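Inside the fold
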Amino acid sequence: MVETQLVLLAGIGVVSLVCQWMAWKLRLPAILFLLAAGILMGPALGILHPDDLFGSLLFPIVSLAVAVILFEGSLTLKFSELGDHGKMVRNLLISGTLVTCFVATVAAVWALDLSWPVATLFGAIVVVSGPTVIMPLLRAVRPNRRIRNILKWEGIVIDPIGALLAVLVYEFVIASNEAEGLEHALMTFGSTLVLASALGCCSAYLMGKALRDLWLPHFLRDAGTLTFMLGVFAISNALVHESGLLTVTIMGIWLANMKGVPVDDILEFKESLSVLLISALFIILAARMDVSALLALGWGGFWVMLALILVARPLAVWLAALKTDLKPQEKLFLSWVAPRGIVAAAVSALFAYKLEQQGLADASVLVPLVFMVIVVTVVLQSASSSFLAAWLKVKEPDDHGFLFIGANQAARQVAKVLVSRNIAVILSDTSWENVRAARMDNLPVYYGNPVSEHAENNLDLTGIGNMLAISPYKQLNTQATYHYLDLMGPGHVFGLSEGEQELRASHQGSGKFVQTRSFFEEKLSFAKLASLIAKGATVRLTRLTPEFSFAQYQQQHGNRLTLLFAIQPDGVVMPLGGKNSPTPTEGWELVSIISATPADVSKVPEANSSESPQSVISS
């Protein structure tokens, strides 16, 4: 018996990892594969029975997991950022929340004859979308920058707002069910709000002060925050029934807006936790689902889906777009895209279980109805959005731009040349000094790890289809190379030589990796590049003409020339210097490093060359 339980627990972890890998490989939301795995292991094959495996601990575990999800989501809700999301996003957060909740509630009452409390809770739950489903869809579809930013920020911010709304509705339903009369229900609900607000704010202040004043050593900071939050959740539930979720949500919001608290570091800890915890949670919840209950929704579920997709979302978008400069095509695309994610699934399963314990019989419909919304919206919109974006002509026109791993002096000089030719660039660095210097040069820059989940949600790669690893950190260069090879594909990820390290078997084992280091001159390493810049070399942009060919250009500069890129007339940027590099022709522009010599100081540009003082980007 114990051995069987051990195998099942380990199997859940292994299956969740496989699902995450498949989603990453196919660039689809992981929730699809987790749902399929849960149904396959549960009702389809009968391998996994969560109620038998976990017994009475099942929903306490689910409660703790949902608390972690809501706490993490609320940590991203910074009030200072809400004003930066633009009028359309702010309007969507208002109209989208209210309209979706209202339409979903009315549709559930009309089509499925649900009670108003359960229907209202359903309406609050399906408000959320979330970055876990939005970001893979945006990477695959590649809509224009404005649409991408709207959907990205809506998904990030609506998660904690929608979850907070769902918790508030749930608390009111519980208070109404336990109390006699509306007045008593309001008093019970008010006591929940008072305790959650007081305990959440006080706990957040105490935790924030501990983090800010370094009461905890660095290795205990992340784990300490998590365990303290779970302790607050349990205490809140013990003091006032079912108040814990609201308490930890308020606690997260307070921490996110408290000055000097390293919230971003805590969020990075969540990355590893979410892969195991949230993925396993979704498989467990899907394994409990009764497929017959899903089929029993029948035409009622169909009408609810139509109301959400064809009424609620378009109405919310067009109301939010009033007095904005969005084009009709952009409004139509935004009206179609609103997939639901893991927060809706986890919250619905927990609330349905607790409402059933309170005696609300139709609460059992909540889980299959929410899961149907998740499956239909994710599958339908993932399959159709790319075609719709192309038909409406709202796709990003090209992806010739470059992501630089590194914002050092060499990277900044090369980036400035590309920007001068209207080629999109983003520089990424973990050094604040380099980031500040890039900002002083008016270059777009991302401060942080470019392969983290935070980067996945906040690094805007619209128009960026290439990556250049040009940092002194070899491990980061390698991680970024493998990460963006899968995202951008071979032929779009480039790196510089790393000398003897490339002879290691670990590097030789990947042909794709070795190929990324073969596009430039064989001995062009970051150390050599940085040395050239430090000694006064300049990055130059030169146009080839009928009178000034590539051969003449090479002959003119001789061994002082280090080739970097060629820019074709259509804007495509190609690396130069490798064995298989193309031969530039008339009309192409060359980006090169020209080593400094004493004669360069007084030298006038040659008559045959299109180089000019303005085309030289100096250090």
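Residues numbered from 1 in each chain as written. Predicted model: local features only at pLDDT ≥ 70, side-chain atom pairs only at ≥ 80, totals over all residues. Heavy atoms only, no water.

Two side chains that carry opposite charge are able to pair once their charged atoms sit near each other. Throughout the structure, instances matching the rule amount to 10 salt bridges. Ionic pairing is found between Lys 416 and Asp 441, a salt bridge with its closest N-O pair at 3.9 Å. Of the two residues, Lys 416 sits in helix H19 (residues 409-420) while Asp 441 sits in the loop between helix H20 (432-440) and strand E3 (445-447), which places them 25 residues apart along the sequence. Counted as one network, the salt bridges with shared partners bring together Arg 146, Asp 325 and Glu 330. (Salt bridge = Lys/Arg side-chain N within 4 Å of Asp/Glu carboxyl O. Helix = DSSP H or I, 4+ residues; strand = E, 2+ residues; numbered from the N terminus.)

Formed by 138 residues in total, the largest nonpolar core has its most connected members in Met 88, Phe 122, Ile 125, Leu 245, Phe 333, Phe 351 and Phe 371. The leading source of residues in this core is helix H9 (residues 145-178), at 14 residues. Not counting residues within four places of it along the chain, the set of residues in contact with Phe 122 comprises Ala 104, Ala 108, Val 304, Leu 308, Leu 366, Leu 369, Val 370 and Val 373. Within the second largest apolar cluster, 35 residues are counted, among which are Val 435, Leu 524, Ile 533 and Leu 541. (Core = buried A, V, L, I, M, F, W, Y, C linked by side-chain atoms within 4.5 Å. Buried < 20%, exposed > 50% of the residue type's maximum accessible area, 1.4 Å probe, protein only. Contact = heavy atoms within 4.5 Å.)

With that settled, consider helix H11 (residues 218-239). Between the first and last C-alpha of H11 there are 32 Å, a value that for 22 residues agrees with the 32 Å anticipated at 1.5 Å per step. In H11, a bend of some 30° at Gly 224 exceeds every other bend along the element. (Expected span 1.5 Å × (residues − 1). Bend = angle between axes of the 7 residues up to and from the residue.)

Looking now at helix H12 (residues 244-256). With 13 residues, H12 ought to run about 18 Å at 1.5 Å a step, and its terminal C-alpha atoms sit 18 Å apart, in line with that. Of all the 13 residues making up H12, 12 are buried; the element is thus mostly covered by neighbouring parts of the structure. Those residues of H12 lying buried are Gly 244, Leu 245, Leu 246, Thr 247, Val 248, Thr 249, Ile 250, Met 251, Gly 252, Ile 253, Leu 255 and Ala 256.

The backbone of Arg 142 sits at a positive phi, close to 55°, despite the residue not being glycine. According to the relative accessible area criterion, Arg 142 is partly exposed, its value standing at 27%. If you check the backbone angles, Lys 393 has positive phi at about 60° while not being a glycine. Its place among the elements puts Lys 393 in the loop between helix H18 (366-392) and strand E1 (401-405).

This next bit is on the state of the cysteines. By the definition in use, this model includes 0 disulfides. Unpaired in terms of disulfides, Cys 201 finds its nearest cysteine sulfur in Cys 202, a separation of 6.9 Å. The class of Cys 201 is partly exposed, set by a relative accessible area of 22%. (Disulfide = S-S within 2.5 Å.)

Take Thr 247: it is sitting in helix H12. Assessed through its relative accessible area of 0%, Thr 247 is described here as buried.

Take the packing of aromatic side chains next. Under the criterion given, the structure shown has 12 aromatic pairs. Relative to Trp 303, the ring of Phe 302 has its centre 5.3 Å away and its plane inclined at 65°; by these criteria the two rings are edge-to-face. One aromatic cluster in this structure is built from Phe 402, Phe 404, Phe 494, Phe 519, Phe 520 and Phe 565. (Phe/Tyr/Trp six-rings, centres within 6.5 Å; stacked < 30°, edge-to-face > 60°.)

Strands sit in the order E3-E2-E1-E4-E5 across an open sheet of 5 strands; the sheet is parallel. Looking at the sheet topology across the chains shown, the edges are occupied by E3 and strand E5 (493-495). Averaged over neighbouring strand pairs, the angle between their axes works out to 20° when direction is ignored. By the bridge criterion, 3 bridges tie strand E2 (residues 425-429) to E3 in an arrangement that is parallel. Bridge pairing links Leu 427 to Val 445 in E3. Strand contacts of H19: E1 and E2, with the helix running at about 165° to E2, the strand carrying the most contacts. Helix-sheet contacts for H20 involve E2 and E3, and the interaxial angle to E3 is about 155°. (Pairing = 2+ DSSP bridges. Axes fitted to C-alpha atoms, helices over the stretch in contact; angles between N-to-C directions.)

Taking burial as the measure, the 6 residues of strand E6 (residues 538-543) include 5 buried ones, the bulk of the element. Pairing analysis gives 6 bridges linking E6 to strand E9 (residues 589-594), with the strands arranged antiparallel. In the sheet register, Thr 538 faces E9, and the bridge partner there is Ile 594.

Let us look at the environment of Lys 87. Within the secondary structure, Lys 87 is located in helix H6 (residues 86-112). In this structure Lys 87 comes out as partly exposed when scored by relative accessible area, which is 38%. Lys 87 sits 234 residues away from Ala 321 along the chain, and the two C-alpha atoms are 8.4 Å apart. Non-local contacts of Lys 87, meaning those with residues more than four positions away in its chain, are made with Leu 322, Lys 323 and Thr 324.

Turning to the environment of Leu 230, a few remarks are in order. As for its position among the elements, Leu 230 is in helix H11. A residue is classified by how much of its surface remains accessible, and Leu 230, at 22% relative accessible area, is partly exposed. Along the backbone, Leu 230 and Val 248 are 18 residues apart, and their C-alpha atoms lie at a distance of 8.2 Å. When sequence neighbours within four positions are dropped, the list of residues in contact with Leu 230 reads Leu 64 and Val 68.

So, on to a nonpolar patch on the surface. Taken together, the side chains of Val 14, Val 18, Trp 21, Met 22, Trp 24, Leu 26 and Leu 28 present a nonpolar region at the surface, about 640 Å² in accessible area. With respect to the secondary-structure elements, Leu 28 resides in the loop between helix H1 (2-26) and helix H2 (30-44). (Patch = residues over 30% accessible without salt bridge, like charges linked within 9 Å, V, L, I, M, F, W, Y side chains within 5 Å. Areas by Shrake-Rupley, 256 points an atom, 1.4 Å probe, with all protein chains shown as cover.)

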